[in-house]
Structure formats: C-alpha cells, structure tokens
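# Analysis of the macromolecular model
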Amino acid sequence: MIRHLLIALTLLLPALSTAQLQSPDNFLPHRLGEQFTPHPLLLSYFEHVAANSPHVKLVPYGYTTQGRPLMVAIVSSPDNLRQLEDIRQNHLRRTGLAEGRPDAALDRAIVGLGFSVHGNEAAGSESSMGVLYDLVNPANAAAQNWLKNTVVLLDPSLNPDGYSRYTNWYRDVSPTKPDPRPEAREHREPWPGGRVNHYLFDLNRDWAWQTQVESRQRAVLYRQWLPHVFADIHEQGYNEPYYFAPAAEPFHAYITDWQRNFQTTIGNNHARYFDREGWLYFTKERFDLLYPSYGDTYPTYLGSIGMTYEQGGIGAGRAILLENGDTLTLYDRVAHHRASALSTVEIASQHVADLVRNFQAFYDRSRNNPPGAYKSFVIKGNNPVGRLKAITTLLDRNGIRYGKAGKSATVKGFDYKTGTETSVKIEENDLVVSAYQPAGTLAQILLEPQTQLADSATYDITAWALPYAYGLHAFALKERFDPQGAFAVPAPAANLATGQKPYAYVLRWQSMEDARLLGELLQHGIRARFANSAFRIEGRDFAPGTVIITRADNRLAGDAFDEIVTTTARKYAAEVFGVRSGMVEKGYDFGSPNLPMTARPNIAVLSGEGTYSNSYGQVWHFLEQELGYPFAALPAANIGSLDLSDYNVLIMTDGNYRIDDAAADRLGEWIAKGGRLIAVGSALYSLEDKKGFALTRYASTDEKNKAESAAEKVELESRLAAYGDQDRQSISSGIPGAIFKVNLDRTHPLSFGLSDAYFSLKTNTQRYPWLKGAWNAGTLGENLQYTGFVGMHAKEQMKNTLVFGLEQKGRGAVIYMVDNPLFRGFWENGKLLFSNALFFAGK
C-alpha cells in the first residue's frame, strides 16, 4: 500500500509543481499587452516561472550602470538542464575552445533570444514573458518536444535602464485608455528617450567595442555559449509592419553560404505563421549584415545564424493609428514577436544535426583555412604601452587570441600608416594575431585594413579597422605567421626614483593612460606645464606634448608633492621620469615661457533638447569613465542666457543649436576672456558663417559658385535617371562611414601624441574649407587616403577640407572638430585628440 502511495506521489509531484505555474495574464496585474510591465515585475515573472517549472534555470550575469539585474533564462528539458554544463562543454569542443572529442549524444541546438536592446522598443521585453510561458507550458506539446533537443537562452531585457526610462515615463503620462492619435503626448517621448542605456549609448552598436558594462557582461555570457542561432528582437517605425530574415545585402564576404541559406529557411518558417494570421511582413530589405558590432552581425561573425527581427512600434505606446487607417496595439506587437521567437526555436529543433555540423565547419574553416587575403596581423611591440594595453584589453574581451612573435623575420605586408604594401621587419616582442584560431573570422573582420564590401548600399559605417582606431603602428600579412608564446604588455619605461627629490617629473604624452594621469593630478591640485617642441634631458628625447611637473610650480603642495605624483603615476601605464635639473640638453629649459601651463579645465557640456543624445552620452562617458574628470551638464536650450563665468571649457556635442546673433556675441565675449569652446560635428552648423567666428561654408565667393555649379551639373546629369535607381544615386554623394588619413600639423597642441599619422572616421559629408586667420591642425588635401566606401561626388567634396582646427579669440579659443573623435566610444586615438583639446589647445 505504502509503495503504491509513493509511486502515486512521485507521479503527482511534477503536476503539482506545474499546477502553480501561472501565465503572464494571471500573474501580472494586467493582461500581457494591456500595459507596459515595470522591469522589477518583469523579472519577478521570470523568477516565478523558474520556481514553478522544471524547464527553466535563471542565470544572473551582471548589473547595469544603474544597478538593475541582468539575467538570462536557460530553457530546455529537465534532462538537458541536469547535464547543462556537459552540453555546453561538448558544444565548445566543436569550436576548438574546449579540450576533448565531442560526443554526438550531447549535441543540442543552442538558440539565443535577446529582447529590447533598445529600451523604448519595449514590446520585445513584454513578449519575452509570453515566449517563456509558451515554451514551458505543459499543455504546449510541440514546445515540450522542441526542448528535448534544444537549449534556449532567453534574455528578457538587454537594456534594463533604457527600458525602465521609457516604460516609467509612459506609465506616468498615458491616460487610462490609450490615445491612438500620433500627436498625443504618450507618443512624444522626451529627450533622451529610452532607446539608449544610462550613458545614452546605443547598445546595438556596442557588441564588438564593449565600451558599456552591459555589453561587456553580455559578451562573457555569449562566448560561454556561442549559440547556433541568435535572434535580436527589435522594433522599428510604427508604420512599418514586421521584418525578419533573410537579411538585406550587403552580407560580409566572410559569411558562409550555409549562414545565408539558413536565414532563408528560418524566414520561410516565420512566413508560414504570419501568412496564416494575415500579418504583414517584409524580408531582404534595409537590415544588412556588415557592421560588426550589431546584435545580428557579431553573432554571425562567431558562427551563428544571427538575425534582427523588427516589429513596427517605436512611439506607438499601447495603441496608435496607422497610415492605412488601422490601429496597431501593444497586443499585436507582442503577438508578432511571440510568433517569430517560437518559430525560431521550432526551426532550430528541426535542424539540430545541420546546425551542429555547419557550426563546426565554420570553426574548422577559421582554424585551418581562414577566409580573406590577410592571414596575420602584426602590431609593433614598440607602440606606446598605453595603446598596447587598450588593444589587448579589447582583443581579450572578444576572445581573440594573440601572442608575441617570438622571432625576427622580414616579410611583405600592408602598412596601415601608408596604405601600401611594404617590407615588414617583425621583431621578437611584436604582438601577432593569427587568423588561424577559433575567433579568426572575427579577428579578420575587426583588423583587416579594407572591409570586404559586396554592396555599398549599407545601413551603417563601412570601415572600422582597429589599427586605425587605436593609432597603432601595424601591418597586415597575407601569409601565416603564428605567435610563439604569450604576449605581455611591457611595463612602462619609467624612472620615478632619482636618488634625491627630483627637480621635476616628465610624462610622455602618447595614450589615454597619460591623459588619465594628468587629469587625476590636476584634480589633486598639481600644476603642470607642457612642451610645445621636442627637447632632450638626461640622455632621453621627448616629443612635443610632453607634460612637465616641476617642484617649483607646486610649492603649495608642500611635502605631499612627491607622494601625490608618484602614487598617482603608478596607477597608470604611463612613462614618467624624475629628472634632477631643469636645464635641458636640447630645447627649452623648464622655466622657459615657451613651456605654458596646462589648463585645469572647469568643464560644462551642453545637454538636453537640442543635442543628440548619443553624442552627448559619448562625451559624458568619456569624461566620467574614460578620463575620470568632473563636469557640469547645462541645458542647451538656454545657450543664449547661460552664466558661464564658473567654467573655462564649454563642449557643444552634435546637435541642433539655436544661436542667434545675441547668443553668438555672448559666447564670443566669454571666449575672449579665456573660455574655450569645443564644437563637435553638427554643432558646427550653428557657428557656420557667424560673425566673429572663422568657420565658413565656403572659402570664397568663387568656391561657392564652383560648388553650386558642380551640384547643378549633377542635377542636370540625373534628369533622366530611373526612378528605381534613386537609392543608388544618393549613395554617390554620401559617406556612410569611412576612415580618412589626416594631414597633421604636428607642432600644434591638438596633434600632440597622435603619433606619425591620425585617421579620422567620417560618418557624413559635412565639410568646411581650411580656416582663415586660424590654425588648421588636421586637414585633408588634394590626394586622399581612405578606407571604406566614399561616394564619387562625396570624394571630390572632401578634398582640401578641415578635420580639426583652432581659432584664437582674445585669451580663449574655439576648437572645431568636423568629425566626432568620440564616435561610439571606440575610436581610441580620438580620445587622445579630445584630451589635447581639453588640456593643451588654446593655451
């Protein structure tokens, strides 16, 4: 009798457990799709399901900047969850990232579903609750069957801070009954919007660069699993219906035929469900697979079938009138995402063997026969230590292996600096990245000098090669060169001990490590000078931009002077030397008036309505996280009446500023008294042709007439162009994102530390002639060296133009930066340029 009772209880226990499982409709205080769910309640539902279903394991993987949890639900059969680590390790064995022979009995399809990386595309996170319930619902026999051979990694909110910003605002302003009229307040999200994270970064452009904590923590989890299939679930403009795979051209040339074809297989399965419901959708348009830092391309370059799904809905709230007269509701958007997510799991479950075989083939190719012309990349070991530290940190975060050359050799290679093939002398301590490794395809895509671009009609930038972004002396080789042993970033060549108290400390200026050190010293009250020209002291040569910290300038620091300098210097990979005298062997002595004091910036940054949130966020993140320097955010809308007397630096990020003549005069007066205005990108439009500013659209009337004639010629030649070719026509006049080599005035403070060459990322056709009566520190000339796509007409427009320059006005200056050197936070050498503007330029 007891034995029968035990058997009955054993059979009943799973039923009792799942009997407690509630659907989102039953668990939430609202029906799914009726209202946006606060982030804590969203996580509570996932915790509820994990506590009441044997199919779910919750894995926390970090926190956002604002302290919100990041977590993923791993969903599979109970048997698979019991041997989850064995399944993961077996999967990694097929990539070469884990030791041992793979066991076919442990092969499972690994599917990743990431929801709402843009926080105001909130229907994704809402739908994640429905997807989770549908997968584990005992009544859903089909899903139960899928989970027998599939492991699903379901991330309900890739951007909790942005999601919370949007949904909290929406719940605050929306009426009980949604107003579907587009002009209603609930459809007019205020600056900065919920799309972005805490620092106003677009996390869907940050997968490879990993400037943000969310991206870094997600990347660790992603590389632990490397899904076969990954769907990045988004929303788009609300009058667009639904987009899913296959993606649009261009595909990067290194994407395999299998990856292309299986996108179509997945799309066909989605179409079956959408056709059944009569839902509108489109494929093969707009969303290409090129730029490597998206949530579809980054997984693709690591072997996955990476895809973007886009539901119409940005700004739609809970209901909005469409241009076809219909009303799109949050219920609709949730249903569509729910269907495509489940279809993704279904199709993966049906093709486990194909996914496993072709995923392994992708990694076999990377390790044994990597695609593309360049097989090895050499980064010279004598690059500044701070830059080597920065690039190795990024390689580590992306799982890209590297080592030291270990031997000397002379080979042919592509010189990034000159853009030519040349003879390369490899030395023993150079850093080498071989493409013959598991992450070889990703390494090639991030490092190769010229993007393999099959089509110029792309959604984003077309060039990003890391040696340009990091200002590295580097070469790309067409032959295999394997590293010999581990590469360790060398210790900086510093000497802080002189046997006596130094007369001064000398800091080489060559990377962001040095800028961080200087910024911290200034905050400690230390005063410093900088060299406008090269000098030699105690047998060492120092370049322009070298920072000189003398004891005489810091008498107020008293006995703490040496302790402050040496303790702070040891925190950074900076080359700091103590010297016993202020008399140099060549150049200016340390008491010379030709060694001006560095600025101690009191920084204000314009923010809010009128500025571009991404651009403001890039400055915010740079100052707070990269430089560690304080600033004040001031409202851009009040630019004409701001009291700037407490500040000596004002930063205008990209934006649309309303600067009338009176506001321009006030700015001019502040600058003349010693203020420095740093204007970036589209902020320059507000200063263009303004009285008292040197920035002009054209250098002369003659140049204006020629430009207008050239534009008219293009218009005349295109009069009979085919209507269907209009996109192609616009491309010829555009720059979606290309890298240009800049001609530097190396004597100017804006150029200090940028090494022999600076490469600027241009993301549009904004152009200005060289400044008159001002310093043109960075320019483009008649002969352009660039990589990436540049339209035929745009190329002509870029010739003989300004990249960055400085206009002296009284005791202050205006610094013009046509290209944003802080773009997406990954242009490492641009950060040093921006630091020059803060500490040296205009002094």
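You'll find the structure just up there.
A short tour of the structure in this document, coming up. From a predicted model like this one, the values you see are computed outputs, not experimental measurements.

Counting its secondary structure elements, the chain contains 24 helices and 33 strands. Over its C-alpha trace the chain gives a radius of gyration of 29 Å, about what one expects of a compact globule, namely 28 Å for 843 residues. Along the first, second and third principal axes, the C-alpha set of the chain runs to 100 × 60 × 60 Å. Burial analysis of the chain (843 residues in total) assigns 60% to the buried set.

Scanning the entire structure with this criterion turns up 48 aromatic pairs. Both rings, one in Tyr243 and one in Phe282, keep their centres 5.4 Å apart while their planes meet at 50 degrees; by these two values the pair is tilted. Residue Tyr243 is found in strand 6 (residues 242-243), and its partner Phe282 is found in the loop between helix 10 (257-277) and strand 8 (288-289); the two are separated by 39 residues along the sequence. Among the aromatic residues, those joined into a cluster by ring pairs are Trp209, Tyr291, Tyr294, Trp464, Phe826 and Trp827. The ring of Tyr273 carries Arg272 above its face, with NZ or CZ at 4.6 Å from the centroid. The ring of Phe693 carries the charged tip of Lys809 above its face, separated from the ring centre by 5.0 Å.

Attention now goes to the packing of helix 17 (residues 512-523) against helix 24 (residues 828-839). Where helix 17 contacts helix 24, the two axes come as close as 9 Å, and the packing angle between them is 30 degrees. Taken together, the axes of helix 17 and helix 24 lie roughly parallel to each other. The interaxial crossing formed by helix 17 with helix 24 has left-handed handedness. Of the residues in helix 24, those touching helix 17 at Met512, Ala515, Arg516, Leu518, Gly519 and Leu522 are Glu828, Lys831, Leu832, Ser835 and Phe839.

Overall, the coordinates contain 38 salt bridges when judged by the stated rule. Here Asp562 ties to Arg551 by a salt bridge, and the two come within 2.8 Å at their closest N and O atoms. Remark: Arg551 occurs in the loop between strand 22 (547-550) and helix 18 (561-569) and Asp562 occurs in helix 18; sequence separation between them is 11 residues. Residue classification places Asp562 among the buried positions, given a relative accessible area of 13%. Residue classification places Arg551 among the partly exposed residues on the basis of a relative accessible area of 24%. The network of salt bridges with shared partners includes Glu121, Arg195, Asp202, Arg205, Asp460 and Arg824.

This part takes up the pairing of strand 4 (residues 150-155). Most of strand 4 is tucked away, with six of its six residues classed as buried. A two-sided burial pattern is seen for strand 4, the buried positions comprising Thr150, Val152 and Leu154 on one face and Val151, Leu153 and Asp155 on the other. As paired elements, strand 2 (residues 69-75) and strand 4 share three bridges and run antiparallel to each other. Looking at strand 4, one finds that Ala73 is bridged to Leu154. As paired elements, strand 3 (residues 109-115) and strand 4 share six bridges and run parallel to each other. The partner of Leu113 across the bridge, within strand 4, is Leu154.

A sheet is described by the order of its strands in space; here four strands give the open sequence 19-22-18-23, paired in antiparallel fashion. Across the chains shown, the open sheet's two edge strands, defined by having one partner strand only, are strand 19 (529-530) and strand 23 (576-579). Looking at chain direction, strand 18 (residues 504-507) and strand 23 are connected through four bridges and run antiparallel. By the bridge assignment, Val506 is partnered in strand 23 with Phe577.

Moving on to the nonpolar core. Counting 131 residues, the largest nonpolar core has Ile651, Ile678, Phe804 and Leu838 as its most contacted members. With near-sequence residues (within four places) excluded, Ile678 lies in contact with Val649, Leu650, Ile651, Met652, Ile815, Met817, Phe834, Ala837 and Leu838. Formed by 60 residues, the second largest nonpolar core is a distinct cluster that contains Leu21, Met71, Tyr166 and Ala271.

What follows covers helix 20 (residues 661-672). In a regular helix each residue adds 1.5 Å, so 12 residues correspond to 16 Å; helix 20 covers 16 Å between its end C-alpha atoms and thus fits that length. Buried within helix 20 we find Ala663, Ala664, Leu667, Gly668, Trp670 and Ile671. The buried residues of helix 20 occupy an angular sector of 165 degrees when projected down its axis, which confines them to one face. With a side-chain oxygen lying 3.2 Å from the backbone nitrogen of Ala662, the N-terminal cap of helix 20 falls on Asp660. Note on helix 20: the residue one or two positions beyond its end, Gly674, has a positive phi of about 125 degrees.

This next bit is on empty space enclosed by the protein. What the rule picks out here adds up to six cavities of 30 Å³ or more. Its volume calculated, the largest cavity comes out at about 120 Å³. Taken together, 13 residues make up the lining of the largest cavity; nearest its centre are Leu153, Asp155, Leu221, Tyr222 and Phe230. Of all the secondary structure elements, the ones that give two or more residues to the lining of the largest cavity are strand 3, strand 4 and helix 9 (213-225). Grouping the amino acids of the lining of the largest cavity by side-chain chemistry returns nine nonpolar, two polar and two charged.

Taking 1.5 Å as the rise per residue, helix 17 with 12 residues should run 16 Å; its terminal C-alpha atoms sit 16 Å apart, in good agreement. Within helix 17, 11 of the 12 residues are buried, which leaves it mostly tucked inside the rest of the structure. Residues of helix 17 that are buried: Met512, Glu513, Asp514, Ala515, Arg516, Leu517, Leu518, Gly519, Glu520, Leu521 and Leu522. Two residues or fewer past helix 17, Gly525 is found with a positive phi of approximately 90 degrees.

This part covers the environment of Phe282. Its relative accessible area of 11% is what places Phe282 among the buried residues. Distance from Phe282 to Ala245, taken between C-alpha atoms, is 8.7 Å for residues 37 residues apart in sequence. Setting aside residues no more than four positions away along its own chain, Phe282 makes contact with Gln236, Glu240, Pro241, Tyr242, Tyr243, Phe244 and Phe287.

Now for the sheet that holds strand 14 (residues 409-415). Spatially, the six strands line up as an open sheet ordered 13-16-12-17-14-15, and their pairing is antiparallel. Either end of the sheet is taken by a strand with one partner, and the two such strands are strand 13 (403-404) and strand 15 (420-426). Inspection of the sheet shows strand 14 paired to strand 17 (residues 474-477) by two bridges, in the antiparallel sense. The residue bridging Asp415 from the neighbouring strand is Phe475, located in strand 17.

Reading the values: rules and limits
Sequence positions are assigned chain by chain, starting from 1 and proceeding in written order. Since the coordinates come from a predicted model, pLDDT governs what is reported: local features require at least 70, and pairs of side-chain atoms require 80 or more to be given and counted, while whole-chain, interface and lining totals use all residues. Side-chain figures throughout are based on the complete set of non-hydrogen atoms in the structure, without hydrogens or water. Strands are runs of DSSP state E lasting at least two residues, helices are runs of H or I lasting at least four, and both sets are numbered from the N terminus onward. The quantity called the radius of gyration is restricted to C-alpha atoms. Its globule counterpart is 2.2 Å times the number of residues to the power 0.38. Note on classification: 1.4 Å probe, protein chains only; a residue is buried when its accessible area is under 20% of the maximum for its type, exposed when over 50%, partly exposed between these limits. Two rings from Phe, Tyr or Trp (for Trp, the six-membered ring) form a pair when their centres are within 6.5 Å of each other. A pair whose planes differ by under 30 degrees is stacked, one over 60 is edge-to-face, and the rest are tilted. Distance and angle both matter: a charge sits over a ring if NZ of Lys or CZ of Arg is within 6 Å of the ring centre and within 35 degrees of the ring normal. Here an axis means a line fitted to C-alpha atoms, over the contact stretch when the element is a helix, while the angle between two N-to-C directions is reported on a 0 to 180 degree scale. Between 65 and 115 degrees an angle is taken as roughly perpendicular, under 35 as roughly parallel, over 145 as roughly antiparallel, and anywhere else as oblique. Take the far helix as the reference: if the near one is turned anticlockwise from it by less than a right angle, the crossing is left-handed, and if turned clockwise, right-handed. The contact rule is simple, with two residues in contact once any of their heavy atoms fall within 4.5 Å. Every case where a carboxyl oxygen of Asp or Glu lies within 4 Å of a side-chain nitrogen of Lys or Arg is listed as a salt bridge. Pairs of strands are assigned from DSSP output, requiring at least two bridges between the strands. To form a nonpolar core, buried Ala, Val, Leu, Ile, Met, Phe, Trp, Tyr and Cys residues must be joined to one another through side-chain atoms within 4.5 Å. In this scheme, a helix's expected span is set at 1.5 Å multiplied by one less than its residue total. Here, the arc refers to the directions that run from the helix axis to the C-beta atoms. Think of a polar contact as two N or O atoms within 3.5 Å of one another; within protein, one of them needs to be a possible hydrogen donor and the other a possible acceptor, and neighboring residues in sequence only count if both atoms come from side chains. Computed over the protein atoms alone on a 1 Å grid, cavities are sets of points where a 1.4 Å probe fits but cannot get out and pockets are open sets with protein on both sides within 12 Å along at least five of seven lines; a residue lines them when it has an atom within 4 Å of a point. Grid points are joined across faces, edges and corners, and a volume is the space filled by probe spheres set on the points. Each residue receives one of three labels: charged for Asp, Glu, Lys and Arg, nonpolar for Ala, Val, Leu, Ile, Met, Phe, Trp, Tyr, Cys and Pro, and polar for the others, Gly being one of them.

Note that every value here comes from positions in space, so none of it alone points to a role or purpose.
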